[in-house]
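Okay, here's what each chain looks like letter by letter:
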Amino acid sequence: MSVQGRLEGKVVLVTGGAAGIGRATVLRLASEGAAVTAADVVAEGLEETAKLAAEQGSEIRTTTCDVSDEARVKAVIAEVVAAGGRLDSVVNIAGILSLDHTTELGLERWNQVLAINLTGTFLMCREALPHLLESQGSIVNTSSTSALAGMPYASAYAATKAGVLAMTRTLAVEYGKQGVRANCVAPGSIKTAMGSRANLPKDMDFSLIQRQMPIDKPRGPETVAGVVAMLVSEDGAHINGECIRVDGGTLA
């Protein structure tokens, strides 16, 4: 349940806003009063997110962005600041999942996953930081339970998510005294299209996948969105450099 008005006056950019956790986060932050810009490569998905926001009584901005494109990232940050007059938070959710037998993982695919998940998060953080320093704002990045325990078939994905976690903690220490907080969420067992069984490799050992199952049941992306909203808000004012698992006890 959202906290009405908790984010009133906050200007927030959410990447990956066309679907899944990104869309749920956009809707949650907007419901709490934030001026949200949703960015993604999928324009049709952004249109649907905007429609859903309107149905809940919120108005959001949308913009297309490939987070691995340095020039486009710079332009999007400039757009958001120009539209909102400031930037209070950037929430990096854009990412891709690649599940492959490691011996069959090509270098091109490896580089693609790194470019979007890790380099894209870095670029957004780097370009946002000057504005976040002005607003005493915050960063929320998306890591994963794969960064915290072995996830089979996820060499590239897990490596990027571990990198995101390490980078987030670095930013927390580097900029904490200057008033900027940086935290991670680490989702696990969240029901999204990206996490569906369709992405699993052939001839896999399903017993290894069972290690990633929650204690109770998988849940929807709104469970992650609620944690992000807390971290962006003043309720998270004393949380910095943290990685919060949202995994139903998978790694308990």
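J.: Would you take a moment to explain the packing of helix 1 (residues 20-31) against helix 7 (residues 222-232) for this structure?
T.: Angle between the axes and distance between the axes: these two values describe a pair of packed helices. Where helix 1 meets helix 7, the closest approach of the two axes is 8 Å, and the angle between their N-to-C directions is 50 degrees. Regarding the angle of helix 1 to helix 7, the classification is oblique. The hand of the helix 1/helix 7 crossing is right-handed. Here I21, A24, T25, R28 and L29 of helix 1 lie close against helix 7, whose contacting residues are E222, V224, A225, G226, V228 and A229. Class assignment of the residues belonging to the contact of helix 1 with helix 7 gives a composition of seven nonpolar, two polar and two charged.

J.: Please explain helix 4 (residues 107-135) as it appears in this structure.
T.: Within an α-helix, residues lying three or four positions from one another point in the same direction, as the helix has 3.6 residues per turn. Spanning 29 residues, helix 4 covers 40 Å between terminal C-alpha atoms, matching the ideal 42 Å at 1.5 Å per step. Where helix 4 bends most, at L129, the angle is about 45 degrees, and the proline P130 comes one to four residues later. Directly after helix 4, the chain includes Q136, whose backbone phi takes a positive value near 55 degrees.

J.: I keep staring at the state of the cysteines and nothing clicks. Help me out?
T.: As used here, a disulfide is simply a covalent bond connecting the sulfur atoms of two cysteines. In total, this model carries zero disulfides according to the counting rule given. Its sulfur unpaired, C125 is 8.9 Å from the next cysteine sulfur, which belongs to C184. Left unpaired, C243 is separated from the closest cysteine sulfur, that of C184, by 5.2 Å. A residue is classified by how much of its surface remains accessible, and C243, at 12% relative accessible area, is buried.

Rules and cut-offs
- Residues numbered from 1 in each chain as written.
- Predicted model: local features only at pLDDT ≥ 70, side-chain atom pairs only at ≥ 80, totals over all residues.
- Heavy atoms only, no water.
- Axes fitted to C-alpha atoms, helices over the stretch in contact; angles between N-to-C directions.
- Helix = DSSP H or I, 4+ residues; strand = E, 2+ residues; numbered from the N terminus.
- Parallel < 35°, antiparallel > 145°, perpendicular 65-115°, else oblique.
- Left-handed = near helix turned anticlockwise from the far one by under 90°.
- Contact = heavy atoms within 4.5 Å.
- Nonpolar A, V, L, I, M, F, W, Y, C, P; charged D, E, K, R; others polar.
- Expected span 1.5 Å × (residues − 1).
- Bend = angle between axes of the 7 residues up to and from the residue.
- Disulfide = S-S within 2.5 Å.
- Buried < 20%, exposed > 50% of the residue type's maximum accessible area, 1.4 Å probe, protein only.

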